[in-house]
Each structure stands twice: as structure tokens, then as C-alpha cells.
Number of protein chains: 2
Amino acid sequence: MCLRPEVCRHRKGMVIKMNIILLSGGSGKRLWPLSNDIRSKQFIKIFKKQDGEFESMVQRVYSQIREVDPGATVTIATSKSQVSSIHNQLGEEASVCVEPCRRDTFPAIALASAYLRDVLGIGEEEPVVVCPVDPYVERDYFEAVKKLSDLAAKGESNLALLGMEPTYPSEKYGYVIPEEKSEVSRVVTFREKPDVSTAQEYIRQGALWNGGVFAYRLGYMLLKAAELIDFTDYQDLLSRYDSLTRISFDYAVAEKESDIQVMRFQGKWKDLGTWNTLTEAMEDPCIGKAILNEKCRNVHVVNELDVPVLCMGLKDVVVSASAEGILVSDKEQSSHIKPFVDKISQQVMFADKSWGSFLVLDVEDESMTIKVTLKQGNRMNYHSHERRDEVWTVISGCGQAILDGKEQVIRAGDVVRMNAGCRHTVIARTELRLIEVQLGRDINVHDKIKYDMP
Amino acid sequence: MCLRPEVCRHRKGMVIKMNIILLSGGSGKRLWPLSNDIRSKQFIKIFKKQDGEFESMVQRVYSQIREVDPGATVTIATSKSQVSSIHNQLGEEASVCVEPCRRDTFPAIALASAYLRDVLGIGEEEPVVVCPVDPYVERDYFEAVKKLSDLAAKGESNLALLGMEPTYPSEKYGYVIPEEKSEVSRVVTFREKPDVSTAQEYIRQGALWNGGVFAYRLGYMLLKAAELIDFTDYQDLLSRYDSLTRISFDYAVAEKESDIQVMRFQGKWKDLGTWNTLTEAMEDPCIGKAILNEKCRNVHVVNELDVPVLCMGLKDVVVSASAEGILVSDKEQSSHIKPFVDKISQQVMFADKSWGSFLVLDVEDESMTIKVTLKQGNRMNYHSHERRDEVWTVISGCGQAILDGKEQVIRAGDVVRMNAGCRHTVIARTELRLIEVQLGRDINVHDKIKYDMP
């Protein structure tokens, strides 16, 4: 008797569901000022949907997967700092495997694989596809991903890769050398990012870009993980995660594996990692308040501020403004912003949280003023500060504040004052907005003691 | 016996003091976003002094005049909206002739001339020079202005102009055709802004640009004023000012006058009316937080925000950011921003006032959050609002709040709540900063009733 009907269906040549791990990493400094230490690039809402609303890369990819395979198990492997954004953007049912700290792709994939087996109950014979969370692609890409999953399910090889048909001799990608030019081929070897002339030679030989998409049967990856890491199950791996060595999947597994197949993908595929490539995917030249005069050519503006951006006579320029700062860059040059952004040291000026969002309005030596938005039904942690007082002025909505255990209803116009040490929270009955003035000599995000709700 | 010793000194060939009227007009939309409806371009602090601090055009011009003629009577003819800025930047002793409304240059000069006679007691025989408030010049310019004043004092003509030696066939200036090429000459005629080829012909004939500087004996201008306007004295003219016809000085007086001398000025002289010309006068490429990568060429940034501007690979571009908005413009194109700025309709987001300053931090449908800074010893008007409540949270300094006649001391951390109708003010003992949250459905600047102090 077969206990795993979906595997049995496969064995009879039937369609089986896809288990997909989306790797969601990076701080996305290359898309500053829209990305910051909290908001990575994949959460920036920049793609216009048919209804005129904007969606992020992660939202776009998630809905594309659901279109191709409505029954797919989608698990997002990410760090703690992104969990709120993922649930905000994908809803609570999105399955998230949280890395306690960053340890590169191999530990992340090992953890997610253990999560699939031990938490989601996926069988070791089942296929799993690992995919970056931020490719800018059309439906045909995830159709190929599905085919790759089906290929892995067959078990003809240990690992199956999606090989991207190269369009130019890029120095940015790793190359996969296949045995033959057929759609599916065994892999001879990998080549790390080459120079242009070597890349040209690879392409002549039929090499493909390694696009970071690969599939395997779950048991294979758990075996590989067990070879390199001493662990029993997901909980055990999770608990020792911070002691793991940083190592990439390519280095730890792919480059050492001799039994690999590659499947060619010829469709459109873009890595929107820089402003230059991101703006190519924008439907309209401007998002947010912006005015371009008639002399502007190939100019894009993404403005999250409430005040307008006026552009006059610019060519091949991207302008982006947020509470973090303002970028004005030649598009070609925009791929080089990272070292400059690394040098900008300031606190995070905005963030979307699971409970709502905040925006820093003003910073002085001994005060900071913030706008806090709590979503309906949500609340802050119950917490206190040691070295600052706070004042809330509610500007819209209503809710219940709890101060040192005492409840009070608050609504637009109400003022609440909390001295240092006062335990406080607010629960939003409706969407609730308040202006929080923090007062003290040493205001910083680490001055926060959390308590259980009273 | 001579009652007017300074005139007598002149008559004996001695140096007499200069009476100078600085015309301070315009809303300066061409320098948006640093200028707004309240802050005109002449008040933007953009010129680096030797001590490293920045000064504005009006400060620069005022100190240049004082250097050339420490005893000069300097009167600034301007509108009510600029009086605070002038006193903030020049101190309380600056003499200001306030136009009740804008009526172009002839009524403004007529009013200022009456002010000189009736308020300051300047004699009708004394010379007066009228000069724009915002030329970007060196000391030699005001030395020439002083010579022009002395020329006017001699009374050889009704009107004496400073003729700027043209450097190119500009279509932007009016031209003055002199009889001869000597330093001082009688004027044959004026020519309005010509096309380039006509301008070339004028220059060949020895024409000069009309730089808007002219001198006369006070009595002459009062006579001209009396011919065109029915008034008795300064107070009378002031009271009927809003009924006057808009007319320029050139049109009302200069073009009709046959008895004019022109004095050539060959020194440097710039009209910093656009971002293009303004940035040429900047000592450093950046004011405020800005980072330019090594690929930037001829880029200037003026950033009044607290967050950084990052520029990558730009050429011939000016970037300016303030609470009003962000300009990114090709320098050449920057002279064309006015019609675009005209279309931006938003409230004023910052202003320097006589008592301090304000900065809008956040605008929502039914609230507005502002940072207010009161200078030591200053106070707000005693006032109330009909349709909004307000909450102050003091973030630094201390002072006395008066609410419906009752005084209370307030300092950093204190919160004051004022319902609609409550009469309120605050007097700053030290410099005082507060966050003001305005709450109501119809928040606007006109909802303000002022009262005498209790």
C-alpha cells in the first residue's frame, strides 16, 4: 500500500506538486534609499499591476508561482528581520523558514530542507526547487522551474539546474558547461565568473549561465547536510545554526557533485539588483510625486516622500527619494553605489513591521519624533525604556493603551505621557496613527525591555 | 547759515554719505526648492564667508555697502512677508520701508523716497541710489555705486545710471545707448531687450546693459512721484498704496526722461537669479549632506534636509533638496523651472520668522505635525484657532506658556494641550523647541485669531 500518494502519482507519470524554497537574502544596499537595513530590495513596491496598484518582487514571484502551480508548497528561507515584511506582503499563510543569523546559502538550504521534512512533512523522495526570491521573469520561467522540479523527481541525477541561455558574455555570472546542446543535458563542469573573452569562448561551446535555480530530491540534500553538519532534525539544526560555518551552496555542494543535469531556459530573465536594471522593469517613468520637463530622456523617479521631485533636462538618470536620503545617479553608474551607501551611517528612518510601520520625522540631540502606524487589531510589544521618556499624540483612529498594567482607551487628540521605566503598549482597535516624541540624552533602538502582556 | 552740513560739505567738494534703497522683491521661484512663498532667493544662505559660515545675498550686499561707506543710510524696500527675514539676517537696525502690497518698481521707489524724506529726514537735495538687493558683485561694484551717488549729488542731470559693460549680446537685458564712450556720458536713448543680432549691433555702437542701478536727488523723485500720484507725504502714500497702478520705474520715469547720465562699470557683476548662475558663485560644490562619486563633473548640491544626497556619474547638474521638495536639473535647463514650480501647489513647508522658525514634519488628512523653534526672548502671537486642537511637546529649552490668561513654566518633556478656542502663546526663556501636533478636519494657516497679550 502506498502511503505517499503524490509520489505514487509521479511514479505513474502523473503531475506532482512542486516544493519551492525561495531564498530571500541581502540588505539590498544597491537599491538605496528605497532599501535600508530593514527593507530589502525584494519588498519595494515598484511593479505596476493591472489594477494600477504596485507590488514588490516577492509579491510578483509568489503570485507567478501560484499561477503555474496553485498547489505548490512555497517556503521562504530568510532572516528574522524580513519575517514581518513577508507576512505583510504575502499574508500569514506564507510558510517562512527563519534563519537565526546569516550563514550563506548552504546552511540556509540545509535548514530549509530540514524544515520541509520535519515541519511540513515533505517526503524525502519528493522534489524540491531552490530559487532566488527576486528574479524579474514571466510565467514561462516558473513553468521551467516546474519542469525542473519534475526532472528532479525522476531521480536521474542528484541535482538538476536551470541553465540560462546567455545573451552576452557577462562577467557577472557563473557558467555551466553541458555535455550536449539538448534541452536537458548532463553537466561537465562549472566555471566561476570569467573575463569577457573567456565568457565568449564558453558561450561558443554552448555554456549556460548559472541562474541560481536548482532542484533535488529532499533526501539528497538532507544527506549532503548530514555529511557537513552534525545534526538530528530541524529543531536541532536551528539551535546550533549560529555555530555553522559560512559557505555557499555552489561551493559546498554543486561544484563537488559529479551527477548533475542542466535544463536550458531560453525565456526572459533579469536580475533586478541595481537601479539600472530595476528601472528597465518600471512600467511608468515615475512612481510618487514627480515632474519631468520635456527635455528629460530616459529618466526614472521613485519618490516615497510627500513633496515633489522636479527633473529638468536630465538624460539616463535615476532619482530616488525616501526618508533615508536621495539618490541621483547616472543609470550606468548606479550599479556602483554600494560602497558609498556603506559609508552612510544613520539610523533606519522607516520600516514596515508586522504590527504596522514607523517613519522618523525629526532627530535632535535629545529628542526624536516618529510617526507610528498600527494596523487594526495589532499592538506593540509591551515594553519600557530605561533612558527615555515618550509622549504619544494620537492623530487618527482609536485603541487601548496599557501603562504599567492600567488600561485606557485612546483616540485622535489624546495625549499619553510615559516616563522612563513605564511599561507600555497600545492595541489598535481601528488603524491607529500616533506621533511619538522620544525624549532623552541617549536615544537608541537597543534601549527596550520587553515584557509579557499583563 | 547752513542747516544741512552734509549737503554743504558736498557743495564744497567733500565726500557725502550715500542714501541707498535696496529693492528686495520677488518670490524667487527660480530657486525652488530653497525659495518658497515666504523665503525669497535673497535670503538663502549660500555664500561661504571667511569664517566658514554661510551668508545670504542680502547679508553679503549689506556688508559690502557698509565696507565701502560705513555711514551709508541703507533702506530696504520690500513687502511685509520679508520683514522678519530681513531683521533676522541684518539685525533690528536695518531700515525697512514696507510696501503694503506689490505694485512694481515705480510705486515702490516713490514710497521709499517719501520714507527717506518723511521718516528718515533726508533732504531733497541729497543723492539717493536705488539698487537691486541681489547682485553678486565685489567691492568695486559698490565703489561705483558710491561714485554714481556722488555724480547724482552734483545735479548735472536728473537721473544717473550705472551702465554695465556688456560681455556678450544678451537678450535678457535692456540696453542704454550713451552719447560718448567716456566713463560718464549723457544717454541718447534706451532699448528694450533686443534679439541677439540687434544686441550685437548695440554693443558695436558702445551700448551698455541697464543693470537697474540709478541715482537721483531725492527731490527729483518726489516730484516725479507727485506728477503721477496724488499724495501729500509718506503716511498718505502708504495708506493709498493698494490703489496705485502697477508700473515699472523704467517705463514710468527712465524712458520718458531726457536728462540722464550714464556711468560705465567694467567690474564683475552677476545676477544670481537661476540655479545655473547661483552655483557658479558657490565656493564648494556641496552645501549640506552630500556625497559625489568621482565620476561627477560640474555638479552642485544644496541640501537642507537631514538625510544625505548621493550623486553618481552626473554632469552639469544641480541638485537641491528642502522640506518643499527636490530639484534635479541640468544647469542650463535650470533657468526654465518657474512654470513647473508655479504648478506645484502645496502649503509652505518651512519659514524663518522674526520669532524663530517652523518646519512641517508630517501632513495627514486630519492632522499636521510641525517643529517650532522660538529664539530666546521671543514669543508667538497670543492667538487661538477655531477649528483645530493643538498639542505641544517641548523637546528642548524652557519658557512660559500662557493659556487663556494663565501662565505656566514649560521645559523639555512637558506637554501642553490646547483645545480649539483656547488662547495661547509661549515666551521662550532660552531657545525653545517644540513639536506641535495640530488636530482637526480643516487645518489651514488662515484659522488664527490674534489677541493682545494678557
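To be clear, the structure that these remarks concern was listed above.
Residues numbered from 1 in each chain as written. Chains lettered and ligands numbered in written order. Predicted model: local features only at pLDDT ≥ 70, side-chain atom pairs only at ≥ 80, totals over all residues. Heavy atoms only, no water.

Asker: How would you summarise the side chain of Asp330 of chain B if you had to cite specific residues and measurements?
Answerer: Secondary-structure assignment places Asp330 of chain B in strand 19 (residues 325–330). Although buried, Asp330 of chain B forms no salt bridge, and the nearest oppositely charged side chain, Lys315 of chain B, lies 8.7 Å from it. Within the local environment of Asp330 of chain B, its side chain forms a polar contact with the backbone nitrogen of Glu332 of chain B, the two atoms lying 3.3 Å apart. Ignoring any residue separated from it by four or fewer positions in sequence, one finds Asp330 of chain B in contact with Met312, Gly313 and Leu314 of chain A together with Asp316 and Val317 of chain B. (Helix = DSSP H or I, 4+ residues; strand = E, 2+ residues; numbered from the N terminus. Buried < 20%, exposed > 50% of the residue type's maximum accessible area, 1.4 Å probe, protein only. Lys, Arg positive; Asp, Glu negative; His and termini not counted. Salt bridge = Lys/Arg side-chain N within 4 Å of Asp/Glu carboxyl O. Polar contact = N/O pair within 3.5 Å; in protein donor to acceptor, adjacent residues only side chain to side chain. Contact = heavy atoms within 4.5 Å.)

Asker: Any details on the sheet that holds strand 22 (residues 367–374) of chain B? Residues and values, ideally.
Answerer: Residues and elements named next belong to chain B. The strand order 20-21-22-29-24-27 describes an open sheet built from 6 strands, whose pairing is antiparallel. The sheet is open, and its two borders are formed by strand 20 (350–353) and strand 27 (415–418), each paired with just one other strand. This sheet shows a mean twist of 20° between the axes of neighbouring strands, independent of strand direction. Pairing of strand 22 with strand 29 (residues 432–439) involves 8 bridges; the strand directions are antiparallel. Paired with Leu374 across the strands is Leu432, a residue of strand 29. (Pairing = 2+ DSSP bridges. Axes fitted to C-alpha atoms, helices over the stretch in contact; angles between N-to-C directions.)

Asker: So what's going on with the interface of chain B and chain A? Which residues, and what values?
Answerer: Contacts between the two partners involve 53 residues from chain B and, on the opposite side, 53 residues from chain A. Taken over both partners, the interface formed by chain B and chain A buries close to 4,100 Å², and the fraction arising from carbon and sulfur atoms is 68%. Contact with chain A buries area across many residues of chain B, yet Leu310, Met312 and Ile326 of chain B alone supply 17% of it, more than any other trio. Here chain B is connected to chain A by 6 salt bridges. (Buried area = accessible area lost by both parts, 1.4 Å probe.)

Asker: Go over helix 4 (residues 105–118) of chain A with me, naming the residues and quoting the values.
Answerer: All names here are of chain A. Taking 1.5 Å of rise per residue, the 14 residues of helix 4 would be expected to cover 20 Å, and the 20 Å separating its terminal C-alpha atoms lies within 8% of that figure. Most of helix 4 is tucked away, with 11 of its 14 residues classed as buried. Looking only at helix 4, the buried set comprises Phe106, Pro107, Ala108, Ile109, Ala110, Leu111, Ala112, Ser113, Ala114, Tyr115 and Leu116. (Expected span 1.5 Å × (residues − 1).)

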